[in-house]
Amino acid sequence: MKIKGFLITGIIFAVCGIGMTAVASTQIDFNEEVNGLFSDPTLEEKEQTFGEIVKIHYDGADENIDIVYQEGENTFTYYEGKSVSYEIQYDEELKELSIVQNRSLTFFTFYINKKKAVLSINSPLEGLGINAAAGNVGLRNLTVSETTLDVNAGNLKIENSNLSSLSIKSSAGNVTINSVHTDIGKIEAKAGNLRIENSNIDNATILANAGNVRILDSIFTTIYAKLNAGNLSLAGDILFYGELKLDAGNMNMTLARSRSLYTINGEGSADTQILYKVSAGNVKVGFGE
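Because the structure is a prediction, the values reported are computed rather than measured. (Residues numbered from 1 in each chain as written. Predicted model: local features only at pLDDT ≥ 70, side-chain atom pairs only at ≥ 80, totals over all residues. Heavy atoms only, no water.)

Quick word on the overall build of the chain
Of regular secondary structure, the chain possesses 2 helices and 20 strands. Each of the 289 residues in the chain was classed as buried or not, and the buried ones make up 42%. Long-range pairs, those at least 24 residues apart, make up 40% of the contacts in the chain between residues at least 6 apart in sequence. As displayed, the chain has an accessible area near 14,700 Å², and 51% of this comes from carbon and sulfur atoms. (Helix = DSSP H or I, 4+ residues; strand = E, 2+ residues; numbered from the N terminus. Buried < 20%, exposed > 50% of the residue type's maximum accessible area, 1.4 Å probe, protein only. Contact = heavy atoms within 4.5 Å. Areas by Shrake-Rupley, 256 points an atom, 1.4 Å probe, with all protein chains shown as cover.)

Okay, here's the thing in structure tokens:
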């Protein structure tokens, strides 16, 4: 048993270590360490306003950006200088906004952009697509029909939003989803932690490689979750069908209703069916009253 335990621990540390190294390389907090040493002194604040917007495509090379709902004009506030520039196109007829951020880097001019761009939207959106190579992306108080987010190295945070369809791909960084409702949610995270809290996802698919998946006070109609290495915890409810798989790590599941209302791994006669499997690790399942 001790040998098995050591093997499990070794697998987790080996896989998570690779992911954590990748994450750490992109998550250094330079606010205190460099004290502005690597800030571009040529950065100037700029702002553009737009008419009605129904679709947004954003492509960032190295960006910290918040996209938020706010009454008033549709406004993009950003910073340009020698190290960074933007290509901004607004199609008034199609009501589509395209923003491409370009980063100029040489061996002798390396700057870290600590300035945060803010895109304020005053209405619901039909589509929102973000492709960020590096940096932190935040979405707040939005209503979007189709949301596609691809973040290569950085943190992604979604709060207080209603997203009919949500697709997330995260290569290295943490993903946080708080107070979000979505009909279809697909999340792929290679290295980093995933946290879902106070949310309602009708049909969820979660595929994670290395890191911890923590789900708190959330409700799913159906959920399929697979984690290769890390800890998987779920506190909330699954209304119809759930399938959870963990290769190496610990699984902790606390379901909101009483045991008699679930059929778990074939045991029981309730309509709600839940299957779980842990290849190497421990499982704990609890229930509400």
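Now that the structure has been shown, the text picks up again.
Points about unusual backbone geometry
Backbone geometry places Lys-95, a non-glycine residue, at a positive phi of 60°. With phi around 50°, Asn-265 is a residue other than glycine that occupies positive phi space. The residue Asn-265 is located in the loop between strand S18 (262-264) and strand S19 (272-280) in this model.

A closer look at a negative patch on the surface
A cluster of acidic residues, Asp-91, Glu-92, Glu-93, Glu-96 and Glu-126, forms a negative patch at the surface. Following the sequence through the fold, Asp-91 ends up in strand S5 (residues 84-91). (Patch = residues over 30% accessible without salt bridge, like charges linked within 9 Å, V, L, I, M, F, W, Y side chains within 5 Å. Salt bridge = Lys/Arg side-chain N within 4 Å of Asp/Glu carboxyl O. Lys, Arg positive; Asp, Glu negative; His and termini not counted. Charge placed at Lys NZ, Arg CZ, Asp CG, Glu CD.)

As for the pattern of salt bridges
Going through the model one piece at a time under the given rule, you end up with 10 salt bridges. For Arg-140, the salt bridge identified is with Asp-66, shortest N-O distance 3.2 Å. Of this pair, Arg-140 sits in strand S9 (residues 137-140) while Asp-66 sits in strand S3 (residues 65-69), placing them 74 residues apart in sequence. Among the ionic pairs, Lys-186 bridges to Glu-188, the shortest N-O distance being 3.8 Å. Exposure remark for Glu-188: the relative accessible area of 27% places this residue in the partly exposed category. Among the charged side chains, a salt-bridge network with shared partners connects Asp-66, Lys-116 and Arg-140.

Here's the deal with the side chain of Asn-64
With respect to the helices and strands, the residue Asn-64 is situated in the loop between strand S2 (55-60) and S3. For Asn-64, the side chain forms a polar contact with the main-chain nitrogen of Asn-136, separated by 3.0 Å. (Polar contact = N/O pair within 3.5 Å; in protein donor to acceptor, adjacent residues only side chain to side chain.)

Here's the deal with the pairing of strand S8 (residues 125-134)
In this structure, S2 lies alongside S8, joined through 6 bridges in parallel fashion. Opposite His-57, over in S8, you have Gly-129 as the bridge partner. (Pairing = 2+ DSSP bridges.)

Let's talk about the environment of Met-253
For Met-253, the position within the fold is in strand S17 (residues 251-255). Take Met-253: its relative accessible area is 1%, and that puts it in the buried class. Expressed as a C-alpha distance, the spacing of Met-253 and Val-283, which sit 30 residues apart in the sequence, is 8.0 Å. Aside from chain neighbours lying at most four places away, what touches Met-253 is Leu-234, Leu-244, Ile-274, Tyr-276, Lys-284, Val-285 and Gly-286.

Comments concerning the confidence of the model for the chain
With 83% of its residues at a pLDDT of 70 or more, the chain has an overall mean of 87. Low pLDDT, under 50, characterises residues 11-37; the stretch is placed with 29 contacts to residues that sit more than four places away or in other chains. (pLDDT = per-residue confidence, 0-100.)

Re a nonpolar patch on the surface
The grouping of Ile-219, Leu-239 and Phe-240 at the surface amounts to a nonpolar patch, some 280 Å² of accessible area in total. Classification of Ile-219 as partly exposed rests on a relative accessible area of 36%.

A word on the environment of Asn-228
When you line up the elements, Asn-228 lands in strand S15 (residues 213-229). Sequence separation between Asn-228 and Leu-246 is 18 residues, and the spatial gap between their C-alpha atoms is 5.8 Å. Beyond its immediate sequence surroundings of up to four residues, Asn-228 is in contact with Ala-208, Asn-209, Asp-247 and Ala-248. Polar side-chain contacts of Asn-228 include one of 2.9 Å to the side chain of Lys-226.

As for the packing of aromatic side chains
As enumerated under the stated definition, the model contains 6 aromatic pairs in all. Seen from their ring centres, Phe-76 and Tyr-86 are 5.6 Å apart, and the 75° between their planes marks the pair as edge-to-face. Pair noted here: Phe-76 is in strand S4 (residues 74-80) and Tyr-86 is in strand S5, with a separation of 10 residues, a long-range link. For Phe-76, a relative accessible area of 0% corresponds to the buried category. Among the aromatic residues, those joined into a cluster by ring pairs are Tyr-58, Phe-76, Tyr-78 and Tyr-86. (Phe/Tyr/Trp six-rings, centres within 6.5 Å; stacked < 30°, edge-to-face > 60°.)

Structural notes on the side chain of Glu-80
Structurally, Glu-80 is set in strand S4. At 2.7 Å, the side chain of Glu-80 and the side chain of Lys-46 are in polar contact. Once residues within four sequence positions are removed from consideration, Glu-80 is found in contact with Thr-42, Leu-43, Glu-44, Lys-46, Ser-85 and Tyr-86.

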